[in-house]
Structures are given as structure tokens and as C-alpha cells.
Amino acid sequence: MSTERQPVYFALNGEEVAVADDGASLLEALRDRLGIRSVKDGCSPQGQCGCCTVLVDGQPRVSCVTPVRRIRGRSVVTVEGLAGAHRWAEALCATGGSQCGFCTPGIIVRLAGAQHRRGRLDDGMVRDAHKAHQCRCTGWQTIVEAAVSLPALPAGRDLDAAAMRASLEGGVGQVVSPEVALGAGGFADDSSPPDALVAVRDGSGEWVVAETLGEARIAAGKVQGRRTTAEARPPIGLPEGRFDLTLQTSWVDPGYLETDASWCHPGGAPASPLANGGAFGGKLHSEAGSVARRLADEHGRPVRVLFSREDVARMAPKRPPVAAGVRADGSGMMLVARTAGIADAVAAVAPGLEIREVDIPGPPTSASIRGAGWVEAGVLLHLGAGAPLLSSSGAGASASFDGETVTATVRCGQPLDEVVLRSYCVGAAHMAYSWVTSESLTVADDGEVLDLTVRSLGVARAVDTPRIEIEIHDDGGPPVNGSDAVFAAVAAAVWRQRGLPPVWPTG
């Protein structure tokens, strides 16, 4: 009797398809065998980010933890086969509910499915549905607004000007269009050729190359890491001296969802891992591209290089921890994990602080992470100044938080597109709130990262995020980044509302 497994037949967006029954996940089958690149891999195989959500027989399912054999004879719908998908995409573009667009295809699938089952969605339903999803860019609110009202994209809106504003805020060239919300933002792995080899890291950090992602993971033999039960704590002690205000921060991960990826033809130029988003500075120096070029040259074939979520947790740069004390006259001292460029970043906004870099075991750090160093210093000094907080770009922002609503005002030159500027400022306010109250990464005394899942990062969920109101003032000057100033101002406002506890996250 033959032991060969029969192919798995199922309906994909209304058409019957077949894939091999070889232990692959539904996500791998969709992306690598059937060419459906709208489903994204932000944490596979953790099943925690929601980026790979599809409908199976009308019910939302996270495809990265669903064996393909489990959907034999069933119906699978991705955003490509979703009735009304473009209306959802236009709504997200109209409110600024999609920035990089990595997470939104899965969100659209879940929300459209919920709307089909329940009818009109309200704020609470949408926020509750987002418990299964992560979005680092938008701060949820603009997605909620899109889902509740499904607004049409205004005729005549200048999407080129919108892209210019998005590029200023994101730090890299970006596209603004409804198609971005459908996952077509140009992410590196989405454009990889079908005959490319796949490279993943094994447990020792070496690259393992195979014909398919499944085969590469088996050959790597790496056991997926989980979240630790150990408690995160600040790794740097406070400086000696008498201070009026002190602050200690923990390790913090930028939390971008598209894990580092690239691909390259032999002798070619590797695909950029930045794609349609800047990853908040976390991927500016990613090795994914250089590794793809090297492996493609070695194997004489195109090679895809894919970081796992665990790789990002262990090896991608973090926000450098600080321990600082300031006095009422603006003098003081900041101890900060040794990081290239961090001293200059702090000195630019806090010339009265003495800065000492210290060596501590832990993951790599980067001064390119959003506002690293200067925001912590700016927050400490801003609390005694009362004036709007100025960013390194020259933008100014002020903020308040009453426990229910964050209110922020920003001046950053000509808005170019108020929808996009508001979206980035809402996202920055959410990031600041989350950073001060709940984000940390547990690192052992020997420097080993112990939190290895996307849910370990402590990013505030939609249901836990306060209302955010943004007021934009056009001061007539040249447009500059404004969301970083909002990030700093909201961090100060949330800390003040929490009573200025000396350790972040405040809980």
C-alpha cells in the first residue's frame, strides 16, 4: 500500500487549488506555493501578530499556525478574494489607518468577516477584534475610525504630497495609496523570485540554506523560543549625586512587524529590508541584504534571507537603556548603554547634562531608534520648563493626558497632508504611551534576551489605548518630521500623569 500522501485540495478565493501535504503551514502554502503575498509573516510560527489572518469557512484563522492539511476540502479567503476589499482599503487610506501596510491585510480580513457576521461595527467591537492583532505604526485609532465609518477616499486628495509627508515621518521613501492597505507596499520578501533558495538561522546563528522555508527550518533545527516569566528591570543603576528628578529605563524593542528580510540574485543588488517603512530606525543597518548577496554568490542562485521573530528579538538593535538624574537648573548626569552617536544625540537637546556611556551585557543598541537618548533627556528637562518640547528636526509639540484622553499639538512646517501627519502623530502618541507604561524586554544578567515573542514586547493593545486627539498648526515653514516631537511630548505628559515614578515602564 502506498504511503504517499495525497495533495491537499481546498477552495482559495473561490477557485480549487492543490498543494502537497508535506507538513507545511497554510501561510507557507499561500505565500510560497500559491503566490498570495498579501498574507504576511510577522511572527511565524508564534501566531501572535495577526498579519497572516485569513478566513477559513468564514471564520478568521491565523494561517502561520494552521497546518495546511487542516483545511483540506475547506474554503480559504484572503484579502484578494474578499468582497468589498477595495472599499476597506480606501477607508484606511482616507483616515490614515494604514502606514507601512504590513498588518492591514490581515486586519481587513478579520474586520470584514466580523462585519459580514454582525452587521455594522462599533468602536468597542473593532478594538476587541484587534486583540488578535499587532500594529506598531498607527496606534489603532485611525484603523478604528476607518472600520466604524468606512469613509470614501476624498476626490482630489494629493497622494504624492501625502507620500512626501509619510517619508518625512517614516524616515525613508514611502507610498500612500489604497493598495498599500492591501499589502502591496513593496516589502522585500514579497518580490522574491519563486525559484529562490531560502536561508534561515540555526540555533548557533549560522545560516542554513534549503529549497523551501519548511525544509530550511527543519534543517536549522531551532526550537522556537517563548516569553520568559522573569521580570524585566533597568540594567543601569542611577548615577551618584543629589537630583530633583530621576529616570531609569529598561531594554525596549522597536517592535516593527515586518521582520528583516532580503533577497538577491548572484552578483546583483539585494532588496532593501526597509521597503515601505523605516522600522523606527531599527533596520537602517540590517545585515539581511549583505547576507543575501553573499549567499546568492556562494550558491549561484537567488537566495531569500528571512529573520525569524526570535532573530529580531535577539539580534536587532534596541533602544539603549538609560539612568539619569537632573536638577532644577538643567544640570545632571545621564548614564547610557554604549551606543555609537548617542552622546551627540543627547547633547544636542541637553547641553547641561554630563553623559557617560557604560558597557552592559545585552543585545545591540542603536542611536537611530526613534528619538533614542534625546527624548529621555528632553522629557526630564521639559517637565520643569513648561514650554513646548522641541525635536531634533526643529518641530515643536506639547501634550497633556488626563487618564482618558491624550491631547497633543504639533507644529512642523507645512502639513502637506493632514491625514498622514495626524496618523503618524497618533501612532507616535500611542508608542509613547505604550513605552512609558508597559514596554520592556527581559534580558538576563549575561546579556541573553529572554523575551522572544511579539507579545513579550508589551505594546499596548487597542483596548488598552486611550483616546488620542491631535491638533496640527501650520506655521508656514518648510515641512519637517513632527511625530518625533509628539512622541517626546506625550511621553512627558503620560509620565507626569502617572506621578513621575522613577522607573519605566510604570505599569
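Being a predicted model, the structure only gives us computed values, none of them experimental. (Residues numbered from 1 in each chain as written. Predicted model: local features only at pLDDT ≥ 70, side-chain atom pairs only at ≥ 80, totals over all residues. Heavy atoms only, no water.)

> Can you help me understand the side chain of Thr 138 in this one?
Among the secondary structure elements, Thr 138 is positioned in the loop between α4 (123-129) and α5 (141-149). The buried category is assigned to Thr 138, whose relative accessible area is 1%. Here the side chain of Thr 138 touches Trp 140 through a polar contact of 3.2 Å, landing on its backbone nitrogen. (Helix = DSSP H or I, 4+ residues; strand = E, 2+ residues; numbered from the N terminus. Buried < 20%, exposed > 50% of the residue type's maximum accessible area, 1.4 Å probe, protein only. Polar contact = N/O pair within 3.5 Å; in protein donor to acceptor, adjacent residues only side chain to side chain.)

> Just checking my understanding: could you explain the sheet that holds strand β5 (residues 75-77) for this structure?
In sheet architecture, strand pairing relies on hydrogen bonds along the backbone and comes in two forms, parallel and antiparallel. Taken in spatial order, the 5 strands line up as β2-β1-β5-β3-β4 in an open sheet, and their pairing is mixed. Two strands in the sheet have a free side with no partner beyond their single neighbour: β2 (15-19) and β4 (59-62). Taking the axes of each pair of neighbouring strands and ignoring which way they run, one obtains an average angle of 40° across the sheet. Relative to β5, strand β1 (residues 8-12) runs parallel, the two being bridged by 2 bridges. Bridge pairing links Leu 12 to Val 76 in β5. This element, helix α1 (residues 26-33), spans β1, β2, β3 (53-56) and β5 of the sheet and lies at about 105° to β3. (Pairing = 2+ DSSP bridges. Axes fitted to C-alpha atoms, helices over the stretch in contact; angles between N-to-C directions. Contact = heavy atoms within 4.5 Å.)

> I tried to follow the sheet that holds strand β14 (residues 389-390) on my own but got confused; where do I start?
Here 4 strands make up an open sheet; going across it, the order is β14-β15-β16-β17 and the pairing mixed. A single partner strand is all that each edge strand has here, and the edge strands are β14 and β17 (467-473). As paired strands, β14 and strand β15 (residues 396-401) are joined by 2 bridges and run antiparallel to one another. Directly across from Leu 390, in β15, lies its bridge partner Gly 396. The strands touched by helix α14 (residues 483-497) within the sheet are β14, β15 and β16 (405-411), with β15 carrying the most contacts at an inclination of about 30°.

> When you look at helix α6 (residues 159-170) in this model, what are you seeing that I'm missing?
Residues spaced three or four apart along an α-helix face the same direction, because each turn holds 3.6 residues. End to end, α6 covers 16 Å across 12 residues, agreeing with the expected 16 Å (1.5 Å per residue, within 8%). Within α6, burial applies to Ala 161, Ala 162, Ala 163, Arg 165, Ala 166 and Glu 169. Lining the buried residues of α6 we find α13 (418-437) and α14. N-capping of α6 is provided by Asp 158, with a side-chain oxygen placed 3.1 Å from the backbone N of Asp 160. Positive backbone phi, at 85°, marks Gly 171, one or two positions downstream of α6. (Expected span 1.5 Å × (residues − 1).)

> For this particular structure, what's the right way to read the pairing of strand β13 (residues 353-358)?
Where strand β12 (residues 332-337) lies against β13, 6 bridges are found, and the strand directions are parallel. The residue of β13 that forms the bridge with Leu 335 is Arg 356. Traced from β12 through helix α11 (residues 342-347) to β13, the parallel crossover comes out right-handed. (Right-handed = clockwise from strand over helix to strand, strands pointing away.)

> Even after reading the chapter, I still don't get the packing of α13 against α14, so can you show me in this structure?
Helix packing geometry: the angle between the two helix axes and the distance between the axes. The interhelical angle for the contact between α13 and α14, taken along N-to-C directions, is 40°, at an axis separation of 8 Å. Viewed along their axes, α13 and α14 form a crossing whose handedness is right-handed. Here Tyr 424, Cys 425, Ala 428, Ala 429, Met 431, Ala 432, Tyr 433, Trp 435, Val 436 and Thr 437 of α13 lie close against α14, whose contacting residues are Ser 483, Val 486, Phe 487, Val 490, Ala 491, Val 494 and Trp 495. Residue composition of the contact of α13 with α14, grouped by class: 15 nonpolar, 2 polar and no charged. (Left-handed = near helix turned anticlockwise from the far one by under 90°. Nonpolar A, V, L, I, M, F, W, Y, C, P; charged D, E, K, R; others polar.)

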